[in-house]
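Listed here are the chains, written in short residue letters.
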Amino acid sequence: MLTTVIVALICLLIGILAGYIVRKNVSERTIGSAEQTAKNMLLDAEKEAKTIKKEISLEAKEEAQKLRSDVDREIKDRRNEMTRLERRLLQREESLDKKLENIEKKEDQIAKKELKVSEKEQELDKFLEKQIEELEKISGMSSEDAKTLLLANVEKEIRYEASLMIKDIEQKAKEEGEKRAREIITTSIQRCAADHVAESTVSVVPLPNEEMKGRIIGREGRNIRAIETATGIDLIIDDTPEAVILSGFDPVRREIARIALEKLIHDGRIHPARIEEMVEKAEKEVNQNIKEAGEQATFDVGVHNLHPELVKLLGRLKYRTSYGQNVLNHSVEVAHLAGLMASELGLDVKVAKRAGLLHDIGKAVDHEVEGTHVDIGIDLLKRYKEHQNIIDGMASHHGDYEPKSLEAVLVTAADALSAARPGARRETLETYIKRLEKLEEIANSTEGVEKSYAIQAGREIRIIAKPDKVSDEELVFLAREISKKVEAELEYPGQIKVNVVRETRAIEYAK
């Protein structure tokens, strides 16, 4: 068994050795064949590379030859172009040289002419100096004096021509404007039929007899105190026979007190409880009258869709006066006048009438609210949603705000026309005299005025100019100066006519 194993091992070793020897021989032959193949491939690659190199070299030479020929051609073209440009530049240089030569020649000629001109100027200056000296000797005045005299004469002539021109323009404008304004205002006034009532801040209640005064006063004055407490109006019981005077700043309360007192007198039962009852009834009656008066005013004017509160405020104006003029009647008249003028001018009649009717609405509550009646009116119209055009027309009627439409200007004109017409408003004698004195004082303080007279109830001032100080042509400037002073220093309704008169008198005596 062991022998068999040994034999097997020996056979195995022999087999392994024989396999190694055979494998080595086969590998060597394979490697030799591969090396030969590689050598052959390298030789083929070298041959092919040489061939490609020759082809590329030939192509590069051809391309270089082509580029060289293109560059040579372009260089040749550039040289030709440069040659043409050089020729043109040479031609221009020659032309410029010729022009420079001509310019130099002209400059020489101009310099010679300038020299001659300067010489002539010097000769003229000397000649003028001699002429001026001769003129000064002849006239006996220096050049400055002559210049002053000449300017004075020129100024006088210009002022004369300017005054004539101003006079002519003003005359034409006045004629045309007065004609048109006269037509519009006359037509408006003729078509306006508003009644006018003058009222004061006191009311007088007639009594049937003197005994009634004691009953109104009551025991220890309890009745009169009850009336004054309930109405807020003062009762004045004096020596006036068979009359009681009611005094108060609020016209509505005064009217309530008047009606209540008349009812008490008619009833005959005067005591605190009856007084309160009658005052309450009178208040209801006055409120009803206010409402009816406001509705009637809107109906008369033709203004509709007013807020009910604005209608009531309009009615309150029935008991409100301004300088003795009833404010409701004044408002109705302004609405009519503004509407008629708007119709004549082709403007919005409804806006003009509405703004005219409401222009004094603030006076209905100006005793209760702080501020001017214009500002109060603006707040009221804004509160009750009136259109901005109506607010603008109302706000500008006293010049506190600039008018923003032609209808607003018409409301201002209608207000001035209604307030300034003769008899519309009462003015105290003292105020009236002071205004006339101030008017004459303004005119007399102007240089060139000899005397002045306020006439036509202060609507016109007639001025006598000094004839030795003011010429006919300067009257225009004097009248304008005085009118500007009056506008700046005096407050007045409407307008004032400034009439300047220059008169030269020659007086001689026959002996």
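Just so we're clear, the structure is a prediction, and the values are computed from it rather than from any experiment.

Whenever I open this one, the overall build of the protein chain confuses me. Can you help?
What the protein chain contains, in helices and strands, is 14 helices and eight strands. In the protein chain, which comprises 511 residues, the share counted as buried stands at 29%. Per element, the accessible surface of the protein chain, about 35,500 Å² overall, is 54% carbon and sulfur.

I keep staring at the sheet that holds strand E8 (residues 497-502) and nothing clicks. Help me out?
Within a sheet, adjacent strands bond to each other through the backbone by hydrogen bonds, running parallel or antiparallel. With respect to topology, three strands assemble into an open sheet ordered E6-E7-E8, the strand pairing being mixed. Whereas interior strands pair on both sides, the edge strands pair on one side only; in this sheet they are strand E6 (449-455) and E8. Going across the sheet, the axis of each strand differs from the next one's by a mean of 20°, ignoring polarity. Taken together, the six bridges between E6 and strand E7 (residues 460-465) define a ladder with antiparallel strand orientation.

What is the right way to read the packing of helix H9 (residues 349-357) against helix H11 (residues 388-395) from this model?
When two helices pack together, their arrangement is given by the angle between the helix axes and by the axis-to-axis distance. At a minimum axis separation of 8 Å, H9 and H11 run at an interaxial angle of 50°. Here H11 runs oblique to H9, going by the angle between their axes. The two elements H9 and H11 meet at a crossing, and its hand is right-handed. Between H9, through Val351, Arg354 and Ala355, and H11, the contact on the second element is made entirely by Asn389, Ile390, Gly393 and Met394. Tallied by class, the residues present in the contact of H9 with H11 amount to four nonpolar, two polar and one charged.

Rules used throughout
- Residues numbered from 1 in each chain as written.
- Predicted model: local features only at pLDDT ≥ 70, side-chain atom pairs only at ≥ 80, totals over all residues.
- Heavy atoms only, no water.
- Helix = DSSP H or I, 4+ residues; strand = E, 2+ residues; numbered from the N terminus.
- Buried < 20%, exposed > 50% of the residue type's maximum accessible area, 1.4 Å probe, protein only.
- Areas by Shrake-Rupley, 256 points an atom, 1.4 Å probe, with all protein chains shown as cover.
- Pairing = 2+ DSSP bridges.
- Axes fitted to C-alpha atoms, helices over the stretch in contact; angles between N-to-C directions.
- Parallel < 35°, antiparallel > 145°, perpendicular 65-115°, else oblique.
- Left-handed = near helix turned anticlockwise from the far one by under 90°.
- Contact = heavy atoms within 4.5 Å.
- Nonpolar A, V, L, I, M, F, W, Y, C, P; charged D, E, K, R; others polar.

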